[in-house]
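Remarks on the overall topology
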Amino acid sequence: MRYVDEYRDADKARALAASIASLCEPGRQYKFMEVCGGHTHTIYKHGLEDYLPENVTLVHGPGCPVCVIPMGRVDDTIHIAEQDDVIMTSFGDMMRVPGGRGSFFDSKAAGADIRMVYSPLDALKIARQNPDKKIVFMAIGFETTAPSTAMTVLRAKAEGLTNFSIFCNHVTILPAIKAILDSPDLRLDGFIGPGHVSTVIGCRPYDFIAREYGKPLVVAGFEPLDILQSIHMLLSQLAEGRSEVENQYGRVVPWEGNLTALKVINETMELRPYFEWRGLGFISHSALKVRDTFAAFDAERIFEIPGSRVADPKACQCGEVLKGVLKPWECKVFGTACTPETPIGTCMVSSEGACAAYYNFGRFTRERVQEATRG
Amino acid sequence: MAERPLIEGSAPERSADWAEAAVREHAHVETVSREEQVLERIDRARRARPRLREQNITLSHGAGGKATQTLIQAVFLHAFRNPLLEPLDDGARLSIDGASLAFTTDSYVVSPLFFPGGDIGDLAVNGTVNDLAVSGAEPLHLSAGFILEEGFPVADLKRIVASMRDAAAAAGVQIVTGDTKVVQRGKADGCYINTAGVGAIRRPLGGDVRPGDAVLVSGPIGEHGVTVMLARGELDIESDVTSDTAPLNGLVATLMDACGGGVRRMRDATRGGVATILNEVAADAGVAVVVEEDAFPVRPDVRGACELLGIDPLYVACEGRMVVVVSGDVADEALSALRSHPLGAGAALVGRIKDDPPGLVLLKTAFGGTRIVDLLVGDPLPRIC
């Protein structure tokens, strides 16, 4: 397949891997965080870690938008969905995520009308077709998906729809990275920057990571060779004593970002004072809410929201996994109480979460897998 | 209207009861520190009898993945347990007055009812024919039960029944008994069909799956699932991919003629796709299944649609493809035999059976890495058959 297979070429990967190995100082340990869940998925799906030397470790960051939604927010969504005449819509990834009282699937089975959509515009279509119902779109995602939510709100207003609103759970990536950088037990040497988010916000906002924290960051694409090349670029920076923001994903990410997308986000949404992230706790200015001027499309003002708060079980160590302090398998409940079928913590919730990816794709020692697949 | 921001303390913090219970359930597990020990602990947890936690049936229970298996184990097998049911194969193998028979049943709820390459009618015949064929039986007689919704067009029913007739003729089986029920408008979605079938087992399969065996697929994978998904028109993707729905009994006969004693196991790769079947093979025989991503035949448009949708073709349903495990020494003969039949022209050798790690499917990725292919959790594609 064109534009895909080129970035999955095993020969190029081997050459890049050899070059990566030659950049590593013997005896030095390197830990890089891939911020975005899409990268985590690519790493496991293609078995990319097989190409890395022993002393290069990848830490799976907080960039899975499904995973970071706190359980209380899931409960609040279900609460709205249970109101009379409500049709709740959301992306398929959210359907299985358990809140304090079960998942959307459970709520749907118990009678609520919760539907999967592929785009917020599909939710708008449902609103047009059901004028006697109240259609709510549970909006999730980083800056990547916020523009499509913003465009949907603008279109709903332009069409004069009165039965459509969004339950806004959009989060912003930079405060989460900053929270991780500020954590005292942090042990990271650099970041593989989120490619999709950067198509919107550009590369400039990461400057503080390189300048103030002295950590290199390379904005990376989502094919396996993109990630290998980004690791190569990070190691080159370290070898040369640099800490800069670089863009490996230039074929998609403009340095300045997408100004039109930023404009529509800014027109319809503003920062919340703070927002709870699963596994990371409350982070200041880390999420978006609907602006006053679009209050008519804000589910938080149309419905009574309980403001549910559900504590993650104490045994869950997602916070440590997200910060790279623990590997998934080092968590006490990993693989026993907490599995992809019954995810207790954020990292197990979606297939892009660090623990789910490890459980599904990487759950074996390299030696044993290599032995089995030999010959 | 007052603003109600989500702020700390806006409601008293609760704990998630189900999560605390799950932690307590596993609290006896000793704390271990080495990765290998942890992986063994996980293996034990995986082998433990699954528990059904949900209060209501969810769509996941019908997806053919882990939730379906849990439901079958915890509800159906628990109530009906007997030696014939216990293997949980595509069909039961019975012996009646010295005759060896295979018996199977399947229900069809595909939406939409008509899709490129087929409809619910030929799906209902082929699905049951295939369950019998891969059990090693020659399919003979089928039943057909219809659940129809008030208001369903008779013209559509005639069209469905005509394709059942044609599919039965193509497979050489007869539909010999049936049933009809009609429910009120809104209580069903047009037309559901159940078929059951019996077949004669004339040639036994060649023993248990064991290390050294070869794994084959009979053709390109994922076409039915992608076709049905695109036919729903929700995705605005256009493609000329058509369903692979077809009766496999002719292909099975050709294979058995060429290397009968060497055929260990056959499964048609329906719901949950090839990956689910490979996991069942690994778990049932206590072996490792090692496959190569590159070796799987996948049509470019199926691959493209899967890339766009973020799903893996290994998990996408087929309705006319099977996974075959044969003794390693007849792998070439088996491949030639499959390819000699029109329905097996795209057959490929995709992997081998090994002894370690037991119960797992490992994939060598096209990129050159390795990963586990586990059972699917949840349901990306409901009502595909």
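Predicted, not measured: the structure shown is a model, and the values here were computed from it.

Rules used in this analysis
Numbering of residues starts from 1 in each chain and follows the order in which that chain's sequence is written. Chain letters and ligand numbers both follow the written order, the letters beginning at A and the numbers at 1. Only residues with pLDDT of at least 70 are given local features in this predicted model, and only at 80 or more are side-chain atom pairs given and counted; all residues enter the totals for whole chains, interfaces and linings. The secondary structure listing takes helices from DSSP runs of H or I that are at least 4 residues long and strands from runs of E that are at least 2 residues long, numbered from the N terminus. Only C-alpha atoms enter the radius of gyration; for comparison, a globular chain is expected to reach 2.2 Å times N to the power 0.38, where N is the number of residues. Each residue is classed by its C-beta neighbour count within 10 Å, where at least 20 other C-beta atoms makes it buried, 12 or fewer makes it exposed, and intermediate counts make it partly exposed; the C-beta atoms are placed from backbone geometry. By the criterion used throughout, residues are in contact when their C-beta atoms, derived from the backbone, lie within 7 Å. The predictor rates its confidence in each residue with pLDDT, a number between 0 and 100. Only the stretch in contact is used when a helix axis is fitted, and all axes are lines through C-alpha atoms; the angle between N-to-C directions ranges over 0 to 180 degrees. Helix crossings get a hand from a simple test, with the near helix turned counterclockwise from the far one by less than a right angle marking a left-handed crossing and a clockwise turn marking a right-handed one. Classification convention: Asp, Glu, Lys, Arg as charged; Ala, Val, Leu, Ile, Met, Phe, Trp, Tyr, Cys, Pro as nonpolar; all other residues, Gly among them, as polar. Two strands form a pair only when DSSP identifies at least two bridges running between them. Structurally, a nonpolar core is described as a collection of buried Ala, Val, Leu, Ile, Met, Phe, Trp, Tyr and Cys residues joined by way of C-beta atoms within 7 Å. Should an angle lie under 35 degrees it is considered roughly parallel, over 145 roughly antiparallel, and from 65 to 115 roughly perpendicular; all remaining angles are considered oblique.

For the rest of this paragraph, the subject is the overall build of chain B. A count of helices and strands for chain B gives ten helices and 15 strands. The C-alpha atoms of chain B give a radius of gyration of 22 Å, which matches the 21 Å a tight globule of 385 residues would have. In terms of overall dimensions, chain B has C-alpha extents of about 70 × 55 × 45 Å along its principal axes. Counting across all 385 residues of chain B, residues that qualify as buried make up 46%.

This part is about the overall build of chain A. In terms of regular secondary structure, chain A is built from 15 helices and 14 strands. Since a compact globule built from 375 residues should have a radius of gyration of about 21 Å, the 21 Å found for chain A is in line with a globular shape. Each principal axis of the C-alpha atoms in chain A carries an extent, and together these give about 65 × 45 × 45 Å. Across the 375 residues that make up chain A, the buried fraction comes to 58%. Taking all contacts inside chain A whose residues are at least 6 apart in sequence as the whole, residues at least 24 apart take part in 76%.

A separate point is the confidence of the model for chain B. Residues and elements named next belong to chain B. Per-residue pLDDT for chain B has a mean of 89; in total, 93% of the residues score no lower than 70. Low pLDDT, under 50, characterises residues 1-9; the stretch is placed with ten contacts to residues that sit more than four places away or in other chains. If you check the scores for this complex, the pTM reads 0.87 and the ipTM reads 0.83.

What follows deals with the packing of helix α7 (residues 249-259) of chain B against helix α10 (residues 331-340) of chain B. All names here are of chain B. Contact geometry for α7 and α10: axes closest at 9 Å, N-to-C directions at 145°. With respect to the hand of their crossing, α7 and α10 are arranged in right-handed fashion. Only Glu333, Ala334, Ala337, Leu338 and Ser340 of α10 make contact with α7, whose side of the interface consists of Leu251, Thr254, Leu255, Ala258 and Cys259. Looking at the contact of α7 with α10, its residues break down into seven nonpolar, two polar and one charged.

The subject of this paragraph is the interface of chain B and chain A. Opposite the 60 residues of chain B that make contact, chain A presents 59 residues. Contributions of two or more residues to the side of chain B that touches chain A are made by β1 (13-15), α1 (17-25), α2 (35-47), α3 (66-80), β11 (288-292), α9 (300-309), β14 (361-364) and β15 (370-372) of chain B. The element contributing the most residues to the side of chain B that touches chain A is α2 of chain B, with seven residues. The class makeup of the residues in the side of chain B that touches chain A is 26 nonpolar, 13 polar and 21 charged. The pairing of strand β14 (residues 309-311) of chain A with β1 of chain B spans three bridges and is parallel. Bridging across to β1 of chain B, Arg309 of chain A finds its partner in Glu13 of chain B.

This paragraph deals with the nonpolar core. Counting residues in each nonpolar core, the largest one holds 119 residues, and the members touching the most others are Phe32, Val136, Ile166, Cys347 and Cys355 of chain A. Per-element accounting of this core gives the leading share, eight residues, to helix α10 (residues 224-239) of chain A. If we skip the residues at most four places from it in the chain, Cys347 of chain A touches Cys67, Gly279, Cys318, Val321, Leu322, Pro328, Gly353, Ala354, Cys355 and Ala356 of chain A. If you look at the next biggest cluster of nonpolar residues, it comprises 98 residues, including Ala372 of chain A together with Leu142, Val274 and Leu362 of chain B.

Moving on, we come to the sheet that holds strand β8 (residues 191-201) of chain B. Residues and elements named next belong to chain B. Across the sheet, five strands lie side by side as β2-β3-β8-β6-β7; this open sheet has mixed pairing. Each of the sheet's edge strands pairs with one partner strand only, and the pair in question is β2 (92-96) and β7 (174-183). Geometrically, the sheet is characterised by an average inter-axis angle of 20° between neighbouring strands, direction not taken into account. Sheet strands touched by helix α5 (residues 154-171): β6 (137-149), β7 and β8. Its angle to β6, the strand with the most contacts, is close to 175°.

Turning our attention to the pairing of β8 of chain B. All names here are of chain B. Pairing between strand β3 (residues 99-108) and β8: eight bridges, direction antiparallel. Residue pairing across strands places Leu101 opposite Ala200, the latter belonging to β8. Note that β6 and β8 share eleven bridges and pair antiparallel. Counterpart to His141 in the pairing with β8 is Val198.

What follows covers the packing of helix α6 (residues 146-159) of chain A against helix α11 (residues 259-268) of chain A. All names here are of chain A. The N-to-C vectors of α6 and α11 enclose an angle of 60°; their axes lie 8 Å apart at closest approach. With respect to their mutual orientation, α6 and α11 come out oblique. Where α6 crosses over α11, the handedness of that crossing is left-handed. Here α6 contributes Ala146, Pro147, Ala150, Met151, Val153 and Leu154 to the contact with α11, which in turn contributes Ala261, Val264, Ile265, Glu267 and Thr268. Here the contact of α6 with α11 is composed, by residue class, of nine nonpolar, one polar and one charged.

This brings us to the sheet that holds strand β1 (residues 30-36) of chain A. Residues and elements named next belong to chain A. What the five strands build is an open sheet, ordered β2-β1-β7-β8-β9; its pairing is parallel. Two strands bound the open sheet, and with one partner strand each, they are β2 (56-63) and β9 (245-247). Between one strand axis and the next, the sheet turns by 20° as a mean value, whatever way the strands run. Sheet topology places strand β8 (residues 217-219) next to β9; three bridges connect them, and they run parallel. Across the sheet, Leu217 pairs through a bridge with Val245, a residue of β9. Against the sheet, helix α2 (residues 37-45) engages β1, β2 and β7 (190-193), with an angle of about 120° to β1.

With that out of the way, let us pick up the environment of Pro300 of chain B. Among the structural elements, Pro300 of chain B can be located in helix α9. Taking the C-alpha atoms as reference points, Pro300 of chain B and Val125 of chain B, separated by 175 residues in sequence, lie 28 Å from one another.

Residue and element names in this part refer to chain A. Of the two faces of β7, both are covered, the one formed by Gly190 and Ile192 as well as the one formed by Phe191 and Gly193. Looking at chain direction, β1 and β7 are connected through three bridges and run parallel. Within β7, the residue paired with Met33 across the bridge is Phe191. Bridge analysis of β7 against β8 gives three bridges, and the strand direction is parallel. Note that in β8 the partner of Phe191 across the bridge is Leu217.

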